[in-house]
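Here is what each chain is made of, one letter per residue.
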Amino acid sequence: MVRLALFGGVYGNPWAVRALFADAERRRCDRLVCLGDLGGFGARPDEAARLVRDAGLPVVAGNYDQSIAEGAEDCGCGYSDPRDNRYAEIMYAFTRDATSPEIARWMATLPAERREEIEGVDVHMVHGSPLAVNDFLWESLDDDALRARLAPSGADVLVCAHTGIPWIRVIDGSLVVNVGTIGRSANDGHPGGWYAILHVEDGEATAELVAVDFDHEAHAQAIREAGLPDAFAATAATGWWTTCLEVLPPRERPPGRYHCYRESLAAIPESAPAGWASAVDESPGDLPVVSLFGSGAFPARLWIYTNFHCNLACGYCAVASSPRAARRSLGLGRVRDVVDEAVAEGFREIYLTGGEPFLEEDLVDMALYAARMLPTTILTNAMLFRGRRAVGLRRLAGVPNLSLQASLDGASDATHDALRGAGSFRRAVDGIRAARGLGIRVLVSTTAAGQSADELADLRALLEDCGVDGVDHALRPLVARGFSHSGAQVSLDRLIPELTVTADGLHWHPVGADVETSADLLVAADPGMALSEGKRLIVERVLSLRQADGSLPSALACAI
């Protein structure tokens, strides 16, 4: 068997090169081949390049090497976003100045590709792809796009680097290996590098990806001492990319901690509507990048539909709840599991909704469990606080981080009952008074359905008399979903996501949680899917939508 160690993206990191050499020797690799980009993202380009050159290794020129050799004005990385290019320009200017003329002349002798026949296997080694030195071979490329890169080669094995993220795939009998980078992380939180080992035996080739640890703290400190932006040192120290993100396709980006530049979120207003997420946290090191999750583009708010059946049949219900609706209850065990996941995944608040949650026998236990973990709000029509439910309500008194959000659509029976049914107004007001009498914080939402200014003023006066603070009352938009055929038109590309869990699966937003009437807002028809996977799917879709039209969706407040 022949074992060939293949690596690229040295990126001015001599610590990574030394660690690679030791690891390849320990794994009994027969030879090593470098696929280029000796400089970039690191502070010691000359030292790192000398280690590779002096080892006598075959080296394929990367775009960085070609640019340094030619004395070009830019690195030729292939970035198209001006923010990516801004950071690329900073690093390239540093690398060009820190690379000796001797090494630059050596780089000018490097070939653009290397081809070998190993034990009867045709192996083609390039930096980017057979099409271009700075072409990006992403794992998310579809088969046809990958075939277009393979066609000019025709090799049994195609090996490349450039993207920084390793992967292996077989297509039409050809093995394609992206070795990642040895000098920079794969945006996976591991502050080390990657390379590949190609195994060839009896005319057959297989490959494995190998992670390598190196002294990343020394690497990060060298970047700081060189006076380069903190963002470069942050990547070296943490393993998360903090620059050059826009080049990443939507499918490759969600696993990273950061998903876009801060400026990308400019479409989200700083003063969000009532019930909307707070502004992006600017505190973590003032990095140029942010996570979508936890920002105004994807609030860290989790909605849990405990059930779908309801004691009312409101004509504007966005999720088609009614006494005749299928229960589709999650149950106490599943709710507890979801809450645990929410804590682990960084959600900051939980909303228990339905249907009418208080129809669920274990609702109080669900709420108590959730409130011990995160601030929790129960959405309710406040009509059922009698008998055993009144006893349950008393169990919620004095519980920190717990509140109710009740629905009241007018200041009189005539207005409210016309929308929600005869007798519902009086019972809702009594329920609000009962909860406030126990000291439970009550928020009140009013679905905007043509109420006059005088009606809303009277409603606020009534709520004040009930003990509901004015800041705890907000209008909620009427949405053309579920039973309603009028109101705001919402769709996946026009609606900022708030991850929602139901017995049917994961959904984009609570107004689209009914699979029958809002199938287009279903994220995954898997009731047991992990929240981490739901987050990943949503981030990928948000990025796809943003790249498609250059904007971000709008906010729709369902919570106060």
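All figures in this text were calculated on a predicted structure; none of them were measured in a lab.

Peer 1: Teacher, can you tell me more about the nonpolar core here?
Peer 2: If you look at the biggest cluster of nonpolar residues, it comprises 85 residues, and the most contacted ones within it are Leu302, Ile304, Ile378, Leu396, Leu408, Ile432 and Leu531. Looking at this core, the element that brings in the most residues is helix H10 (residues 363–373), giving eight residues. When near neighbours in sequence (up to four residues on either side) are disregarded, Leu408 contacts His416, Phe425, Ala428, Val429, Ile432, Val444, Ser445, Thr446, Leu459, Leu462 and Leu463. Formed by 76 residues, the second largest nonpolar core is a distinct cluster that contains Ile171, Val176, Ile182 and Val212.

Peer 1: Is there a simple way to explain the state of the cysteines in this structure?
Peer 2: Disulfide: a covalent bond formed between the sulfur atoms of two cysteine residues. Applying the stated criterion to the full structure yields one disulfide. In this model Cys75 forms its disulfide with Cys77; the gap between the sulfur atoms is 2.4 Å. One quick way to see it: the torsion about the S-S bond of Cys75 and Cys77 is about -135°, and its sign makes the bridge left-handed. Classification of Cys77 as buried rests on a relative accessible area of 10%. Cys29 forms no disulfide, and the closest cysteine sulfur to it belongs to Cys34, at a distance of 15 Å. Judged by its relative accessible area of 15%, Cys29 is buried. Cysteine Cys34 is unpaired, with the sulfur of Cys160 as its nearest cysteine sulfur at 14 Å.

Peer 1: Would you take a moment to explain the pattern of salt bridges for this structure?
Peer 2: Oppositely charged side chains can pair when the atoms bearing their charge come close. A full pass over the atoms with the stated rule returns 35 salt bridges. The residue Arg50 makes a salt bridge to Asp46 at a minimum N-O spacing of 2.9 Å. Residue Arg50 and its partner Asp46 are both found in helix H2 (residues 45–54); the two are separated by four residues, about one turn of the helix. Classification of Arg50 as partly exposed rests on a relative accessible area of 25%. With a relative accessible area of 14%, Asp46 lands in the buried category. The shortest N-O distance in the salt bridge between Glu246 and Arg253 comes to 3.4 Å. Taken individually, Glu246 and Arg253 each receive the classification buried, so the pair is uniform in this respect. The network of salt bridges with shared partners includes Asp46, Arg50, Arg53, Asp54 and Glu102.

Peer 1: Please clarify how the sheet that holds strand E16 (residues 441–447) should be interpreted in this entry.
Peer 2: Note on sheets: strands pair through backbone hydrogen bonds, and any given pair is parallel or antiparallel. Strand order across the open sheet formed by nine strands is E17-E16-E15-E14-E13-E12-E18-E19-E20, with mixed pairing between neighbours. Edge positions in the sheet fall to strand E17 (473–476) and strand E20 (522–524), since each has one partner strand and no second. Averaged over all neighbouring strand pairs, the angle between strand axes comes to 25°, with direction disregarded. The pairing of strand E15 (residues 402–407) with E16 spans five bridges and is parallel. Bridged to Ala406 within E16 is Val444. Taken strand by strand, helix H13 (residues 424–437) contacts E15 and E16, and its axis lies near 155° from that of E16.

Peer 1: Hey, could you run me through the packing of aromatic side chains in this one?
Peer 2: Centre-to-centre distance and the angle between the planes together describe a pair of aromatic rings. Enumeration over the complete set of coordinates arrives at eleven aromatic pairs. Aromatic pair Phe41 and Phe232: ring centres 6.2 Å apart, planes at 65°, arrangement edge-to-face. Placement of Phe41 in the loop between strand E2 (31–34) and H2 and of Phe232 in helix H8 (residues 230–238) is noted, with a sequence separation of 191 residues between them. Between Trp303 and Tyr351, the ring centres sit 4.6 Å apart and the planes meet at 25°, which makes this aromatic pair stacked. Of the two residues, Trp303 is situated in strand E12 (residues 301–305) and Tyr351 in strand E13 (residues 349–353); the sequence distance between them amounts to 48 residues.

Peer 1: I tried to follow the pairing of E12 on my own but got confused; where do I start?
Peer 2: Walk down a regular strand and you will see the side chains alternate between the two sheet faces. Counting buried positions along E12 gives five out of five residues, so the element sits mostly inside the fold. Neither face of E12 is exposed, since Arg301, Trp303 and Tyr305 on one face and Leu302 and Ile304 on the opposite face are all buried. By the bridge criterion, five bridges tie E12 to E13 in an arrangement that is parallel. Note on E13: the bridge partner recorded for Ile304 is Leu352. Following the backbone out of E12, through helix H9 (residues 332–344) and into the adjacent parallel E13, one traces a crossover that is right-handed. The pairing of E12 with strand E18 (residues 500–502) spans two bridges and is parallel. The residue bridging Trp303 from the neighbouring strand is Thr500, located in E18.

Cut-offs and rules
- Residues numbered from 1 in each chain as written.
- Predicted model: local features only at pLDDT ≥ 70, side-chain atom pairs only at ≥ 80, totals over all residues.
- Heavy atoms only, no water.
- Core = buried A, V, L, I, M, F, W, Y, C linked by side-chain atoms within 4.5 Å.
- Buried < 20%, exposed > 50% of the residue type's maximum accessible area, 1.4 Å probe, protein only.
- Helix = DSSP H or I, 4+ residues; strand = E, 2+ residues; numbered from the N terminus.
- Contact = heavy atoms within 4.5 Å.
- Disulfide = S-S within 2.5 Å.
- Salt bridge = Lys/Arg side-chain N within 4 Å of Asp/Glu carboxyl O.
- Pairing = 2+ DSSP bridges.
- Axes fitted to C-alpha atoms, helices over the stretch in contact; angles between N-to-C directions.
- Phe/Tyr/Trp six-rings, centres within 6.5 Å; stacked < 30°, edge-to-face > 60°.
- Right-handed = clockwise from strand over helix to strand, strands pointing away.

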